[in-house]
Amino acid sequence: NDSMNGGVGNDVYAYITGDNGVDTIQSFEGAGEAGGDVIQLVADINGTGITTGADMLSRITYLDNTARINTGDGTEIIITEITPLSLTADDFSIV
């Protein structure tokens, strides 16, 4: 369980299979590969079958100004202070 704050500049939040728990990202400034912060995950993380940014979008639920992303096997990424439905496929990089 980690809490991360991006701050100024372009940040990359990297996740691999086996990163367990709930991680929280604050001050996420999206636009991803087009410039801005990006969440990078290994393909098929935790056996989810995720291979594209669009796959990630289907795993997001929004409540108020928080996005919860289920990355399988009991793990989750929480992004606070974000406008609902503002994440795009470009905010994710699958490697």
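What counts, and at which threshold
Residues numbered from 1 in each chain as written. Predicted model: local features only at pLDDT ≥ 70, side-chain atom pairs only at ≥ 80, totals over all residues. Heavy atoms only, no water. Helix = DSSP H or I, 4+ residues; strand = E, 2+ residues; numbered from the N terminus. Rg over C-alpha atoms; globule rule 2.2 N^0.38 Å. Buried < 20%, exposed > 50% of the residue type's maximum accessible area, 1.4 Å probe, protein only. Contact = heavy atoms within 4.5 Å. Pairing = 2+ DSSP bridges. Axes fitted to C-alpha atoms, helices over the stretch in contact; angles between N-to-C directions. Phe/Tyr/Trp six-rings, centres within 6.5 Å; stacked < 30°, edge-to-face > 60°.

**Some points on the overall build of the protein chain**
Point 1. Scanning the protein chain for helices and strands turns up one helix and eight strands.
Point 2. Sequence-ordered secondary structure for the protein chain, helices as α and strands as β, is β-β-β-β-α-β-β-β-β.
Point 3. Taking 2.2 N^0.38 as the reference for a compact globule, 95 residues should give roughly 12 Å; the C-alpha atoms of the protein chain span a radius of gyration of 12 Å, in line with that estimate.
Point 4. Judged by the C-alpha coordinates and their principal axes, the protein chain covers about 30 × 25 × 20 Å.
Point 5. For the protein chain, buried positions account for 37% of its 95 residues.
Point 6. In the protein chain, the share of contacts with a sequence separation of at least 24, taken over all contacts with a separation of at least 6, comes to 54%.

**Looking at the sheet that holds strand β4 (residues 38–41)**
Point 1. Strand order in the open sheet formed by three strands is β2-β4-β8, and the pairing between neighbours is parallel. With one partner strand each, in any of the chains shown, β2 (12–15) and β8 (92–94) form the two edges of the open sheet. Strand-to-strand, the axes of this sheet are offset by a mean angle of 20 degrees, without reference to chain direction.
Point 2. In this structure, β2 lies alongside β4, joined through four bridges in parallel fashion. Looking at β4, one finds that V12 is bridged to V38.

**Some details on the packing of aromatic side chains**
For any two aromatic rings, the description comes down to two numbers: the centre-to-centre distance and the angle of the planes.
Point 1. Going through the model one piece at a time under the given rule, you end up with one aromatic pair.
Point 2. Ring geometry for Y13 against F28: centres 6.2 Å apart, planes inclined by 40 degrees, an arrangement best described as tilted. A residue pair is termed long-range when its members are at least 10 positions apart, and Y13 in strand β2 and F28 in the loop between β3 (22–26) and β4 qualify at 15 residues.
Point 3. By relative accessible area, which is 6% here, Y13 ends up buried.

**A short note on the sheet that holds strand β5 (residues 60–63)**
Point 1. Read from one edge to the other, the open sheet built from five strands follows the order β1-β3-β7-β6-β5, with strand pairing classed as mixed. Two strands in the sheet have a free side with no partner beyond their single neighbour: β1 (3–5) and β5. With strand direction ignored, the average angle separating the axes of adjacent strands in the sheet is 20 degrees.
Point 2. Note: strand β6 (residues 66–70) against strand β7 (residues 76–80), five bridges, orientation antiparallel. Residue pairing across strands places I69 opposite I77, the latter belonging to β7.

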